[in-house]
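This is what each chain is made of:
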Amino acid sequence: IHTGAIYTLAETAAKVAVSTHPVLASRRLRQKSTKVKYYSSTKRDITARATITAEVEHVARDALATGQEAVLEIAVSVLDAKGIDIAEVTVKFTLG
């Protein structure tokens, strides 16, 4: 699978995670940057799992409570069909 497809899938997973989160979904979201660490290639199906940790939620709540923009770093794991790590992606957003 092409690295561009892996990148796109991971970014989409991060955006969906934030956009459907009960606390974060109603806020304006802007992407700032993305970091990708590719570990392996694959010809199998891939899955991306974005995680919004309690720490990320806490940072967002604190910033929004004071009227500030929150800077969120969303971790995304990309795995192939056998559960092998393909990539680790961090997507940074501002939330206002």
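Look a little higher up for the structure.
Predicted model, so just to flag it, every value in this text is computed and none were measured.

(A) Representation of the sheet that holds strand β4 (residues 85–95) in the model. Strand order in this open sheet of 4 strands is β1-β4-β3-β2, and the pairing throughout is antiparallel. In this open sheet, the two strands that pair with only one neighbour each are β1 (29–38) and β2 (46–51). Ignoring which end each strand starts from, the neighbouring axes of this sheet average 20 degrees apart. Sheet analysis places strand β3 (residues 70–80) next to β4, joined by 10 bridges and oriented antiparallel. Across the sheet, the residue bridging to Val-71 is Thr-94, located in β4. Helix α1 (residues 3–19) rests against β1, β2, β3 and β4 of the sheet, and its axis sits at about 135 degrees to β1. Along the sheet, helix α2 (residues 54–65) makes contact with β3 and β4, crossing β3 at roughly 160 degrees.

(B) Representation of empty space enclosed by the protein. Scanning the entire structure with this criterion turns up 1 cavity of 30 Å³ or more. Approximately 30 Å³ is the volume found for the largest cavity. Lining the largest cavity we find Ser-33, Lys-35, Glu-73, Thr-90 and Lys-92. Counting only elements with at least two residues in the lining of the largest cavity, the list comes to β1 and β4. Looking at the lining of the largest cavity residue by residue, the classes come out as no nonpolar, 2 polar and 3 charged.

Conventions and cut-offs
Residues numbered from 1 in each chain as written. Predicted model: local features only at pLDDT ≥ 70, side-chain atom pairs only at ≥ 80, totals over all residues. Heavy atoms only, no water. Pairing = 2+ DSSP bridges. Helix = DSSP H or I, 4+ residues; strand = E, 2+ residues; numbered from the N terminus. Axes fitted to C-alpha atoms, helices over the stretch in contact; angles between N-to-C directions. Contact = heavy atoms within 4.5 Å. 1 Å grid on protein atoms, 1.4 Å probe; cavity = no way out; pocket = protein on both sides within 12 Å on 5 of 7 lines; lining within 4 Å. Points joined across faces, edges and corners; volume = space filled by probe spheres on them. Nonpolar A, V, L, I, M, F, W, Y, C, P; charged D, E, K, R; others polar.

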